[in-house]
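Summary of structural features
Here is what each chain is made of, one letter per residue.
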Amino acid sequence: MLHSPLRAQLICRDSSGMNAIITASLVVLLTGLAAYGSERNLRFVKQFQIPGSAEVVVVAEGDLEPRSMGSYTLRLYGGKSDKFPTDDFVAGLVRPRNGMINAVRFNDIDGDGKPEIVVVIHSAGSGGYVSADAFRYRNGSLIFIASVSDLDKKADPIPALRQKFKASHGGGSPTK
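Fair warning: this is a prediction, and the values are worked out from it, not measured in the lab.

Quick look at the packing of aromatic side chains now. The full count for this structure, using the stated rule, is 4 aromatic pairs. For the pair Y72 and F135, a centre-to-centre distance of 6.5 Å together with 85° between the ring planes defines the contact as edge-to-face. In this pair, Y72 sits in strand 3 (residues 70-77) while F135 sits in strand 7 (residues 130-138), placing the two residues 63 residues apart along the sequence. Residue F135 is classed as buried on the basis of its relative accessible area, which comes to 0%. We note R95 situated over the ring of F144; from NZ or CZ to the ring centre the distance is 3.9 Å.

Turning next to the nonpolar core. Ranked by size, the top nonpolar core spans 17 residues in total, and within it V57, V59, L74, I117, V119 and L142 carry the most contacts. Contributing elements (two or more residues each) for this core: strand 2 (56-61), strand 3, strand 5 (100-107), strand 6 (116-122) and strand 7. Discounting residues that sit within four places of it in the chain, V119 has contacts with V59, Y72, L74, I101, A103, S131, A132, D133 and F135. Counting residues in hydrophobic clusters, the runner-up holds 13 residues, among them I109, I158, L161 and F165.

Glancing now at the sheet that holds strand 4 (residues 89-97). Here we have 4 strands laid out as an open sheet, ordered 1-2-3-4, and antiparallel in their pairing. Bordering the open sheet on either side are strand 1 (45-49) and strand 4, each of which pairs with just one other strand. Neighbour to neighbour, the strand axes of the sheet diverge by 15° on average, direction disregarded. Bridge count between strand 3 and strand 4: 8 bridges; the pairing is antiparallel.

In this fold, S71 is placed in strand 3. S71 has contacts with A60, E61, G62, E65, V94, R95, P96 and R97, leaving out every residue within four places of it along the chain.

Bringing the environment of V104 into the picture now. Turning to its location among the elements, V104 is positioned in strand 5. Linking V104 and V59, residues 45 residues apart in sequence, is a C-alpha distance of 7.9 Å. Not counting residues within four places of it along the chain, the set of residues in contact with V104 comprises F44, F48, V59, I117 and V118.

Before going further, it helps to spend a moment on the environment of N102. Mapped onto the secondary structure, N102 falls in strand 5. Among the residues examined, N102 registers a relative accessible area of 45% and is labelled partly exposed. For the pair N102 and S123, spaced 21 residues apart in sequence, the C-alpha separation works out to 9.6 Å. In contact with N102, not counting residues within four places along its chain, are F44, V120, I121 and H122. At 3.4 Å, the side chain of N102 and the side chain of H122 are in polar contact.

What follows is about the pattern of salt bridges. As enumerated under the stated definition, the model contains 9 salt bridges in all. Among the salt bridges present, the one from E65 reaches R97, with a minimum N-O distance of 3.4 Å. In this pair, E65 sits in the loop between strand 2 and strand 3 while R97 sits in strand 4, placing the two residues 32 residues apart along the sequence. Taking the relative accessible area as the measure of exposure, R97 reaches 5% and is therefore buried. Two residues, R136 and D110, come together in a salt bridge whose shortest N-O distance is 2.8 Å. Of this pair, R136 sits in strand 7 while D110 sits in the loop between strand 5 and strand 6; the two residues are 26 residues apart in sequence, bridging distant segments of the chain. Taking relative accessible area as the criterion, R136 reaches 7% and is therefore assigned buried.

Cut-offs used in this document
- Residues numbered from 1 in each chain as written.
- Predicted model: local features only at pLDDT ≥ 70, side-chain atom pairs only at ≥ 80, totals over all residues.
- Heavy atoms only, no water.
- Phe/Tyr/Trp six-rings, centres within 6.5 Å; stacked < 30°, edge-to-face > 60°.
- Helix = DSSP H or I, 4+ residues; strand = E, 2+ residues; numbered from the N terminus.
- Buried < 20%, exposed > 50% of the residue type's maximum accessible area, 1.4 Å probe, protein only.
- Lys NZ or Arg CZ within 6 Å of the ring centre and 35° of its normal.
- Core = buried A, V, L, I, M, F, W, Y, C linked by side-chain atoms within 4.5 Å.
- Contact = heavy atoms within 4.5 Å.
- Pairing = 2+ DSSP bridges.
- Axes fitted to C-alpha atoms, helices over the stretch in contact; angles between N-to-C directions.
- Polar contact = N/O pair within 3.5 Å; in protein donor to acceptor, adjacent residues only side chain to side chain.
- Salt bridge = Lys/Arg side-chain N within 4 Å of Asp/Glu carboxyl O.

Structural data, given as structure tokens:
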């Protein structure tokens, strides 16, 4: 058995070494958490209430993908519960993207008086070009109806989507 002063000295040396290890571990852990937290907040993931409807749409850039390109998902839920609006999955789509999702809008693209879901994307390049995809949601189905790309970074994509939809459907009435 060690004498008390020697034993106390070894315990002090051991505990100061242990303090250094604990401090270093905490610094590494907190740095990792800060990096994870900030990285996670960069990805576009948002929930929206569809105007005039109980349905909820979630739009999210792809998991573990760079912000500059990849995919995005559009998921629709029944929205029957105010407390848990995403409990009732109805339909979903995965689409490619070249850029970062900038906004989700609800505009009547097909002329039927009901809003379509419009996903607006800005390219990551120096031009910051705008693209947009429009989706119709009717009777439990989610349908891609039009897309525009390479618009000026200040352009409103809604008129271009309407024109594209009209041209691709012969200018006739929308399909309901």
